[in-house]
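# Structural overview for review
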Amino acid sequence: MITHTLASGRQLPAVGFGTYPLSGDDGIASIVSAIEVGYRLIDTAVNYENETEVGEAIRRSGVDRDDLLVCSKLPGRDHGYDDAIASTRGSLDRLGLDHLDLHLIHWPNPSQDQYVEAWRALVDLQREGLVRDIGVSNFTATHLDRIIDATGVTPAVNQIELHPYFPQVTMRQVNSARGIVTESWSPLGKKQAPFAEPVVVAAAERLGVTPGQVIVRWQLQIGALPIPKSGTPSRQRENLDVDGFELADDEVTAITALGRSDGRLFDGDPDTHEEM
Ligand code: NAP
């Protein structure tokens, strides 16, 4: 399957596993299942309040920690330099790990105007070895260029809302022009999944796959790295089983054309939406 090579030379797989809102014993069981099914990139965040469960699932899975890539995210309330360092150490404590493979600034929160400080902290954490690769989430071109200009360090990843009703054509170009991998959150469209759209149904029938698989495959063919969440083992398997078929170019184009200017899942414009 397609993998993504980061500027550091390290690689990310084609598909990751989203863990929000998995928690508690059921959450641990779902994350263990995902690892058993074959996911190797696990996406969590301080604000998902499930880092403890992710760490426990990793230990229970029996898969070598070095064969897994663990990504967490720094919350808005910890953007100050010292807070960001302490927050990251807290993530490692809860996960029971000595390093994160990827750590992202969760939201830029521009009105707080501290994301450059947060980025300086991540740069230093990477130098120290506590974090292997660093990136951001929900950053626009302006936010990206500001942290790159301030530090000379380009994020490895920008994790953004991206699904057929919000295909992020411009942001994908912004990221790739800077050598940044685009990760897609809510890659299936969550509550607004376009599973019944005629173009999705027709492609699924032609290829003998499910609508969910068509959408994950579309993500791969537009060059994005989706992190679908499922608590259902059969769907976890389905979302990972996307390398044995290919969408035609006109199918990819037609799914991208489902995009709408009001296609966001909620009012999550990074210039105005803030999460602490
Ligand atoms: P999603 O992955 O697009 O959708 C998840 C929903 O789709 C769940 O209800 C799941 O149900 C269902 N589903 C999964 N596979 C399916 C399939 N093959 N067929 C039918 N239904 C299927 O949305 P998401 O959970 O919002 O996003 C994924 C991850 O992105 C999150 O878990 C989180 O890690 C990350 N995220 C990041 C941000 C950010 O700001 N950076 C924001 C939101 C999310 P079941 O579980 O019942 O199978």
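What comes next concerns the included structure. Quick caveat, the model's predicted, so the values are computed rather than measured.

### Some thoughts on the layout of surface pockets
Reported here for the largest pocket is a volume of approximately 930 Å³. Lining the largest pocket we find 37 residues, and of these Tyr20, Trp185, Ser186, Lys190 and Lys229 sit closest to its centre. The set of elements that each furnish at least two residues to the lining of the largest pocket consists of helix H8 (211–221) and helix H9 (233–240). If you tally residues by element for the lining of the largest pocket, the top one is H9, at three residues. Classifying every residue of the lining of the largest pocket by side-chain character gives 14 nonpolar, 15 polar and eight charged.

### Comments concerning a positive patch on the surface
Judged by side-chain charge, Lys190, Lys191, Lys229 and Arg235 come together as a positively charged surface patch. Topologically, lysine 229 is positioned in the loop between strand E10 (225–226) and H9.

### Here we look at the site of the ligand
The full set close to the ligand counts 27 residues, and Asp43, Ser186, Lys229, Ser230 and Gly231 are the nearest of them. Take asparagine 138: an N or O atom from its side chain is 3.0 Å from an oxygen atom of the ligand. Side-chain polar atom of lysine 229 to an oxygen atom of the ligand: 2.6 Å apart, as the coordinates give it. Compared with its free state, where it exposes 910 Å², the ligand has 85% of that area covered by protein. When atom positions are compared with the pocket grids, the ligand is found to occupy the largest pocket.

### Examining the pattern of salt bridges
By the definition in use, this model includes 13 salt bridges. Note that arginine 60 and glutamate 56 form a salt bridge whose closest N and O atoms lie 2.9 Å from each other. Pair noted here: arginine 60 and glutamate 56 are both in helix H2 (residues 51–61), with a separation of four residues, about one helical turn. Residue class for arginine 60 comes out exposed when judged on its relative accessible area of 51%. Look at glutamate 56 and you get partly exposed, because its relative accessible area is 25%. With a shortest N-O distance of 3.2 Å, arginine 89 and glutamate 128 are connected by a salt bridge. Here glutamate 128 lies in helix H4 (residues 115–128) and arginine 89 lies in helix H3 (residues 81–95), a separation of 39 residues in the sequence. We classify arginine 89 as partly exposed; its relative accessible area is 40%. A residue is classified by how much of its surface remains accessible, and glutamate 128, at 48% relative accessible area, is partly exposed. Residues joined in a network through salt bridges with shared partners are Glu56, Arg59 and Arg60.

Reading guide: rules and limits
- Here the residue index of a chain counts from 1 through its sequence in written order.
- pLDDT decides what is reported in this predicted model: residues at 70 or higher carry local features, side-chain atom pairs at 80 or more are listed and counted, and totals for whole chains, interfaces and linings draw on all residues regardless.
- Only heavy atoms go into the side-chain values, all of them from the structure, while hydrogens and water stay out.
- The method works on a 1 Å grid over the protein atoms by themselves. A cavity is a set of points holding a 1.4 Å probe that cannot get out, a pocket is an open set with protein on both sides within 12 Å along at least five of seven lines, and residues with an atom within 4 Å of a point line them.
- Grid points are joined across faces, edges and corners, and a volume is the space filled by probe spheres set on the points.
- Runs of H or I in DSSP of at least four residues are treated as helices and runs of E of at least two as strands, each being numbered from the N terminus.
- Polarity classes work like this: nonpolar for Ala, Val, Leu, Ile, Met, Phe, Trp, Tyr, Cys and Pro, charged for Asp, Glu, Lys and Arg, and polar for all others, with Gly in that last group.
- Each patch is built from residues that are more than 30% exposed by relative accessible area and take part in no salt bridge. Like charges join if they lie within 9 Å; nonpolar side chains (Val, Leu, Ile, Met, Phe, Trp, Tyr) join within 5 Å.
- Reported accessibility uses the Shrake-Rupley method at a 1.4 Å probe radius. Residues are deemed covered only where the shown protein chains occlude them.
- Put simply, a salt bridge is a Lys or Arg side-chain nitrogen that is within 4 Å of an Asp or Glu carboxyl oxygen.
- Charged residues are defined here as Lys and Arg on the positive side and Asp and Glu on the negative side; His and the ends of the chain fall outside this count.
- The atom standing in for a charge is NZ when the residue is Lys, CZ when it is Arg, CG when it is Asp and CD when it is Glu.
- Proximity is defined per residue: any heavy atom of the residue falling within 4 Å of a molecule or strand makes that residue near it.
- Polar contact criterion, stated in full: a pair of N or O atoms within 3.5 Å, where within protein one must be able to donate a hydrogen and the other to accept it, and residues adjacent in sequence count only if both atoms are side-chain atoms.
- Cavity and pocket membership follows a simple rule, namely that a molecule belongs there if more than half of its atoms are within 2 Å of the grid points.
- Buried residues are those whose accessible area, probed at 1.4 Å on protein chains only, stays under 20% of the maximum for their type, while exposed residues exceed 50% and partly exposed ones sit between those limits.

These results come straight from atomic positions and should not be treated as a statement about function.
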